[in-house]
Amino acid sequence: MSSTSTDGIVAPLYRINKFAVPTAVRAEFVNLVVKTLAVIRSQEGYVKDLFLEQHAGPGKFNFCTMIEFESEEFAPKVAAAIAEFDKSLDIDRAVLMEKLGVETDSASYKSFQAA
């Protein structure tokens, strides 16, 4: 099912992931994100991404990724590719984040259109 606006135009899907990463595991975390983004960038429907590190402000999340896809129809395919990637590394991402002490907050977003 594609994400559409009221005029039938397919709308992009944005995946935003925020991370609170302890300094001691920064390099390991960054390495995993860089490899994961390489997998995502090779997927059909991928448009662009940002990998950001907080440099100022009071927020607790010090890293953020924003990934844009053509539409929500590509999300399950990308999730499957990431799962296959994790399997190839023999990792459970949730367990690894807990072990590293990385707190996460992730969600998918669509462009907001005020009525």
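Residues numbered from 1 in each chain as written. Predicted model: local features only at pLDDT ≥ 70, side-chain atom pairs only at ≥ 80, totals over all residues. Heavy atoms only, no water.

Participant: Which parts of the structure should I look at to understand the environment of A56?
Facilitator: Position of A56 among the secondary structure elements: in the loop between strand 2 (46-53) and strand 3 (63-69). Residue classification places A56 among the exposed residues on the basis of a relative accessible area of 53%. Through-space distance from the C-alpha of A56 to that of P22 is 16 Å; in sequence the pair is 34 residues apart. (Helix = DSSP H or I, 4+ residues; strand = E, 2+ residues; numbered from the N terminus. Buried < 20%, exposed > 50% of the residue type's maximum accessible area, 1.4 Å probe, protein only.)

Participant: What should I look at first to understand the nonpolar core in this one?
Facilitator: The nonpolar side chains of a soluble globular protein tend to be buried with one another. Of all hydrophobic cores here, the largest spans 20 residues; its most connected members are F19, V21, F29, I40, M97, L100 and V102. The set of elements that each furnish at least two residues to this core consists of helix 1 (26-41), strand 3, helix 2 (75-89) and helix 3 (93-100). The element contributing the most residues to this core is helix 1, with six residues. (Core = buried A, V, L, I, M, F, W, Y, C linked by side-chain atoms within 4.5 Å.)

Participant: Help me understand the environment of D105 in this model?
Facilitator: Inspection of the secondary structure puts D105 in strand 4 (residues 103-109). Taking the C-alpha atoms as reference, D105 lies 15 Å from E53; in sequence the two are 52 residues apart.

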